[in-house]
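A structural walkthrough
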Amino acid sequence: MKRFLSAGLLAILTLSACACGHKPKTGFVTANGVQLQYIDWGGSGPALILIHGLGFNPHYFDDLAPAFTDRFRVVAYARRGHGQSEAKGPYDTATLTEDLRALMDGLGITKAHLAGHSMGGDEITAMAGTHPERVDRIVYLDAAYDWADPTYVAAFKAIPPIYMKAPPGAMRSLDAYQAYLRTKWFLDVSDPSRFDECIQDLVVVQPDGTVRHRMSQSAMQALVTTLLTDHRDYAKVRSPALAIYPASLPDVRNGDSSQRAQMLAWEQKYMVPFRAASVARVRRELPKVEILNVPGNHMDFVFVSRGQVVAAMRRFLLPRS
């Protein structure tokens, strides 16, 4: 079946492809006692700060950010322990939230819209609750979950090992690692250049050509502990919110038939009911929330459903006439 775009959406997609013709600026700012890497795509208008998920880096937004620079100043940063940022504890949510506040101070941003992916939902929730004068609107990019909920903690512990561990050979070269993550997360993204810089920044190439993860194991363990123990407090949030949910957390088509069956069973047993309960909770506890469901998985939906995500965010964030 052919899909037809409205004139408005077509204009948005055309603008998205060309709005950031210049190379974004990458820099560092000292925030809350640590050096944080940031990417600034520039743009005019109010600030829009993008916050990546656990284990990733601000290049995750390379494909999405240019869609907003005509109306916003768009910035993303690497949470402490991620990307090129300093790996220095502690890694609790309160500290990570103060990192965000201090980053805004360092970049001269008084108030901003915040969009968080995955774990980034912790920081945007806490920032909106503790510093409401600094936050305008918030967007949850598959991030409107309380990851410390016992239901999710049980789900996390039950994730099949194939999902958590790279297969043998994935670390033998950068090409092998990129191929592994493309298969794991981005099967439906035909142009790998849209996310390759993000994948490249996850690892360090060794003299023998093999790669190792850039993030230290100790930082990862500390951040996982934060993810699974620091509860969300939606009651303090007064900012209008948009919560976008893709169809699944893992790509349930990854791997052989046995692996696919394991991941599908995990998604249906744990994530389907947890997602439904999470949506019900944010509807109850966030005073002004909008919900959007889109195709894709936890990592690829901002690519495969880019048009829907961009259109929804622009409508939500832009001033009403």
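The structure this text deals with has already been given above.
Residues numbered from 1 in each chain as written. Predicted model: local features only at pLDDT ≥ 70, side-chain atom pairs only at ≥ 80, totals over all residues. Heavy atoms only, no water.

**Some details on the pattern of salt bridges**
Opposite charge on two side chains permits pairing when their charged atoms draw close. What the rule picks out here adds up to 19 salt bridges. R73 is the partner of D40 in a salt bridge, and the nearest nitrogen-oxygen pair spans 2.7 Å. Of this pair, D40 sits in strand β2 (residues 34–42) while R73 sits in strand β4 (residues 73–77), and the two are 33 residues apart along the sequence. For D40, a relative accessible area of 11% puts it in the buried group. (Salt bridge = Lys/Arg side-chain N within 4 Å of Asp/Glu carboxyl O. Helix = DSSP H or I, 4+ residues; strand = E, 2+ residues; numbered from the N terminus. Buried < 20%, exposed > 50% of the residue type's maximum accessible area, 1.4 Å probe, protein only.)

**Points about the sheet that holds strand β3 (residues 47–51)**
Pairing is mixed in the open sheet, where 8 strands are placed in the order β1-β2-β4-β3-β5-β6-β9-β10. One side of each edge strand has no neighbouring strand; the edge strands of this open sheet are β1 (25–31) and β10 (289–294). Neighbour-to-neighbour, the strand axes of this sheet turn through a mean angle of 20 degrees, independent of strand direction. As defined by bridge partners, β1 adjoins β2 across 7 bridges and the pair is classed as antiparallel. Bridge pairing links K25 to D40 in β2. (Pairing = 2+ DSSP bridges. Axes fitted to C-alpha atoms, helices over the stretch in contact; angles between N-to-C directions.)

**Digging into helix α6 (residues 174–185)**
Spanning 12 residues, α6 covers 16 Å between terminal C-alpha atoms, matching the ideal 16 Å at 1.5 Å per step. Every buried residue belonging to α6 is among A176, Y177, Q178, Y180, L181, K184 and W185, and all of these are buried. Buried residues belonging to α6 abut α5 (161–164), α7 (196–200), β7 (203–205) and β8 (211–213). (Expected span 1.5 Å × (residues − 1). Contact = heavy atoms within 4.5 Å.)

**Overview of the layout of surface pockets**
Of the volumes computed, that of the largest pocket is approximately 970 Å³. Lining the largest pocket are 37 residues, and of these L54, G55, F56, K184 and M220 sit closest to its centre. Looking at the lining of the largest pocket, the elements that each hand over two or more residues are α4 (150–157), α5, α6 and α8 (217–229). For the lining of the largest pocket, the element with the highest residue contribution is α6, accounting for 5 residues. Looking at the lining of the largest pocket residue by residue, the classes come out as 21 nonpolar, 12 polar and 4 charged. What lines the second largest pocket is a set of 17 residues, among which I162, P167, Y180, N254 and Q259 lie closest to the centre. Of all elements in the fold, only α5, α6 and α9 (257–285) reach the threshold of two or more residues within the lining of the second largest pocket. Per-element tally for the lining of the second largest pocket: the top contributor is α6, with 5 residues. By residue class, the composition of the lining of the second largest pocket is 10 nonpolar, 4 polar and 3 charged. (1 Å grid on protein atoms, 1.4 Å probe; cavity = no way out; pocket = protein on both sides within 12 Å on 5 of 7 lines; lining within 4 Å. Points joined across faces, edges and corners; volume = space filled by probe spheres on them. Nonpolar A, V, L, I, M, F, W, Y, C, P; charged D, E, K, R; others polar.)

**Looking at the packing of helix α2 (residues 93–106) against helix α3 (residues 120–130)**
Between α2 and α3, whose axes approach to 9 Å, the crossing angle comes to 70 degrees. Of the possible angle classes, the one that applies to α2 and α3 is roughly perpendicular. For the pair α2 and α3, the contacting residues are T93, L96, T97, L100, R101 and M104 in the first and D122, E123, A126, M127 and T130 in the second. Tallied by class, the residues present in the contact of α2 with α3 amount to 5 nonpolar, 3 polar and 3 charged. (Parallel < 35°, antiparallel > 145°, perpendicular 65-115°, else oblique.)

**Here we look at the side chain of Q37**
Assignment of secondary structure puts Q37 in strand β2. Within the structure, the side chain of Q37 is placed 2.9 Å from the backbone nitrogen of Q84, a separation counted as a polar contact. Ignoring anything within four residues of it in the chain, the contact list for Q37 reads T26, G27, F28, P58, H59, A76, Y77, A78, G83, Q84, S85 and D201. (Polar contact = N/O pair within 3.5 Å; in protein donor to acceptor, adjacent residues only side chain to side chain.)

**Focus on the nonpolar core**
Grouped together as the largest cluster of nonpolar side chains are 101 residues, with contacts concentrated most on Y140 and M313. Sort the elements by how many residues they give to this core and α9 lands first, with 7 residues. (Core = buried A, V, L, I, M, F, W, Y, C linked by side-chain atoms within 4.5 Å.)

**Considering the packing of α4 against α9**
Axis separation between α4 and α9 bottoms out at 10 Å; the angle between their running directions is 160 degrees. Between α4 and α9, the angle is such that the two are roughly antiparallel. As for how α4 packs across α9, the hand of that crossing is left-handed. Side by side, α4 and α9 meet where T151, Y152, A154 and A155 of the first sit next to W266, Y270, M271 and F274 of the second. For the contact of α4 with α9, a count of residues per class yields 7 nonpolar, 1 polar and no charged. (Left-handed = near helix turned anticlockwise from the far one by under 90°.)

**Description of the side chain of H82**
In this structure, H82 sits in the loop between β4 and α2. Look at H82 and you get buried, because its relative accessible area is 0%.

**A few points about the packing of aromatic side chains**
If you walk through the whole model with that rule in mind, you get 17 aromatic pairs. Measuring from ring centre to ring centre gives 5.5 Å for Y152 and F274, while their planes differ by 35 degrees; the resulting arrangement is tilted. Remark: F274 occurs in helix α9 and Y152 occurs in helix α4; sequence separation between them is 122 residues. Considered together, Y152 and F274 belong to a single accessibility category, that of buried residues. Centre to centre, the rings of W266 and Y270 are 6.2 Å apart; their planes meet at 40 degrees, and the pair counts as tilted. Placement of both W266 and Y270 in helix α9 is noted, with a separation of 4 residues, approximately one turn of the helix. Judged by relative accessible area, which is 4%, W266 ranks as buried. Following the ring pairs from residue to residue traces out a cluster consisting of F56, Y60, F61, F186, F195 and F303. Residue placement shows R137 over the ring face of F316; its charged tip is 4.9 Å from the ring centre. (Phe/Tyr/Trp six-rings, centres within 6.5 Å; stacked < 30°, edge-to-face > 60°. Lys NZ or Arg CZ within 6 Å of the ring centre and 35° of its normal.)

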